[in-house]
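Letter by letter, the chains look like this.
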Amino acid sequence: MKKFFMTVLRMITLLAAISIIAFLMMEKAPIDPLTAYVGTNSTISEEAKQEIAEYWGLNEPPLERFFTWAGNTLRGDFGNSIVYKQPVLTVIGERFRYSLALMMTAWLCSGILGFFLGIAAAVYRDSILDKTIKMICLIFQSAPTFWVGLLMLSIFAVNLGWFPIGLAAPMGKLASEVTLGERIHHLILPSITLSILGIGKITLYTRQKLLEILNSEFILYAKARGESIWQIVKRHGIKNIAIPAVTVQFASFSELFGGIALAESVFSYPGIGSALTAAGLGGDVPLLLGIAVFSAVFVFAGNLIANILYGVIDPRIREGNSHE
């Protein structure tokens, strides 16, 4: 019970800190929400601008606006989006279902592919395969998401024409008319672009952990018994590298949220990342704060799931915690 209350307390502290930091960053940003709302070349009168500012609460002192937002949020009201003219929770709900499909596809691809590439690189250490995998991983880790997205778009969508240029569904079609195959077709390039963020890290991390196990003394005993390298990996390696792999993979939730805005912007994908970009450019503080809080909850939930899975993968961890 004590551990549960500590987890809740950390969660509340995290949400409060993120909300304050996000609000301060928007206040210091060189973007005037009123100017972004009416446009730089707007010809409306000053009286009309004042009415708009009063309607959205933009003429109130920053501290008062923050505490008003915080009070309403505690009651479940995240306010209305200035950019989308809808409740913040509605915007997040509509767009998160697209982002969730994109993130989970990229997350699974990077985790599974990175895990097995790391095993292959460790088993064939210092071979051409190992050197090639390491080189590709280093390139993936250093390549900006925006640049990778543009490259994928240019090669596979524009030049080869294998995939659509963007969006989550074909243009001109009603949502009810879009098939699952068409949605998957539009999802492939953005998910590959986003998965590149995590493949390099999980591959190199898995490779290093497996090499440490293969160089340990009990592996020498297993080799003396006549076990092959793949038998050793199956019986001793995978079990011992599973927990570190799960740790790295669930920790990548934060990186996914960091890269999803860029990936969705490149492919015009209507997810929460593109809404975050629109909120930042439009000075939409309620939407930006709502997405920041939602993202923090999502990442925290990912880390919590990882902690639970530790006990499932290795019961010794669960038993150790039960004695505390």
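Refer to the structure above for everything that follows.
Just so it is clear, the model here is predicted, and its values are computed rather than measured. (Residues numbered from 1 in each chain as written. Predicted model: local features only at pLDDT ≥ 70, side-chain atom pairs only at ≥ 80, totals over all residues. Heavy atoms only, no water.)

A. Region of the structure containing the overall build of the protein. Within the protein one finds 14 helices and 0 strands. Going from N to C terminus, the protein has its helices and strands arranged as α-α-α-α-α-α-α-α-α-α-α-α-α-α. With respect to the three principal axes, the spread of C-alpha positions in the protein is 85 × 60 × 35 Å. Here the contacts in the protein between residues at least 6 apart in sequence split such that 74% fall between residues at least 24 apart. As displayed, the protein has an accessible area near 18,200 Å², and 67% of this comes from carbon and sulfur atoms. If you average the places of the 25 positive and of the 23 negative side-chain charges in the protein, the two averages end up 14 Å apart. (Helix = DSSP H or I, 4+ residues; strand = E, 2+ residues; numbered from the N terminus. Contact = heavy atoms within 4.5 Å. Areas by Shrake-Rupley, 256 points an atom, 1.4 Å probe, with all protein chains shown as cover. Lys, Arg positive; Asp, Glu negative; His and termini not counted. Charge placed at Lys NZ, Arg CZ, Asp CG, Glu CD.)

B. Up close: a negative patch on the surface. Together, Glu47, Glu51, Glu54, Glu60 and Glu64 give the surface a local cluster of negative charge. Counting residues per element, the negative patch draws most heavily on helix H3 (residues 46-56), at 3 residues. With respect to the helices and strands, the residue Glu60 is situated in the loop between H3 and helix H4 (62-74). Its relative accessible area of 31% is what places Glu60 among the partly exposed residues. (Patch = residues over 30% accessible without salt bridge, like charges linked within 9 Å, V, L, I, M, F, W, Y side chains within 5 Å. Salt bridge = Lys/Arg side-chain N within 4 Å of Asp/Glu carboxyl O. Buried < 20%, exposed > 50% of the residue type's maximum accessible area, 1.4 Å probe, protein only.)

C. Structural detail: the nonpolar core. Of all hydrophobic cores here, the largest spans 38 residues; its most connected members are Met103, Leu194, Phe253, Leu256 and Leu287. Among the secondary structure elements, those contributing two or more residues to this core are helix H1 (2-28), H4, helix H5 (88-123), helix H8 (180-214), helix H10 (229-251), helix H11 (253-266), helix H12 (272-281) and helix H13 (285-313). Filtering out sequence-adjacent residues up to four positions away, Met103 remains in contact with Phe96, Leu194, Leu256, Phe257, Ile260 and Phe298. Within the second largest apolar cluster, 15 residues are counted, among which are Ala122, Val123, Leu210 and Ala245. (Core = buried A, V, L, I, M, F, W, Y, C linked by side-chain atoms within 4.5 Å.)

D. Up close: unusual backbone geometry. In this structure, Lys85 is a non-glycine residue whose phi angle is positive, near 55°. Tracing the chain through its elements places Lys85 in the loop between H4 and H5. Look at Lys85 and you get partly exposed, because its relative accessible area is 49%. Of note in this structure, Asp126 is not a glycine but carries a positive phi near 65°. Tracing the sequence through the fold places Asp126 in the loop between H5 and helix H6 (128-142). Overall, the relative accessible area of 52% leaves Asp126 in the exposed class.

E. Layout of H12. The complete set of buried residues in H12 reads Ile272, Gly273, Ser274, Ala275 and Ala279. Gly283 sits one or two positions beyond H12 and adopts a positive phi of about 65°.

F. Examining a nonpolar patch on the surface more closely. Together, Trp147, Leu151, Ile155, Leu160 and Trp162 line one region of the surface with nonpolar side chains, adding up to about 510 Å² of accessible area. One can find Ile155 in helix H7 (residues 145-159).

G. Quick look at the packing of aromatic side chains. Applying the stated criterion across every chain, the model contains 9 aromatic pairs. Taking the centre distance of 5.7 Å and the plane angle of 80° together, the rings of Phe115 and Phe116 count as edge-to-face. Taken together, the ring pairs connect Phe23, Phe66, Phe67 and Trp69 into an aromatic cluster. (Phe/Tyr/Trp six-rings, centres within 6.5 Å; stacked < 30°, edge-to-face > 60°.)

H. Fine view of the packing of H5 against H12. Running from amino to carboxyl end, H5 crosses H12 at an angle of 130°, the nearest separation of the two axes being 7 Å. In terms of orientation, H5 and H12 fall into the oblique class. Where H5 abuts H12, its residues Ile92, Arg95, Phe96 and Ser99 lie against Ile272, Gly273, Ser274 and Ala275. In the contact of H5 with H12, the residues fall into 4 nonpolar, 3 polar and 1 charged. (Axes fitted to C-alpha atoms, helices over the stretch in contact; angles between N-to-C directions. Parallel < 35°, antiparallel > 145°, perpendicular 65-115°, else oblique. Nonpolar A, V, L, I, M, F, W, Y, C, P; charged D, E, K, R; others polar.)

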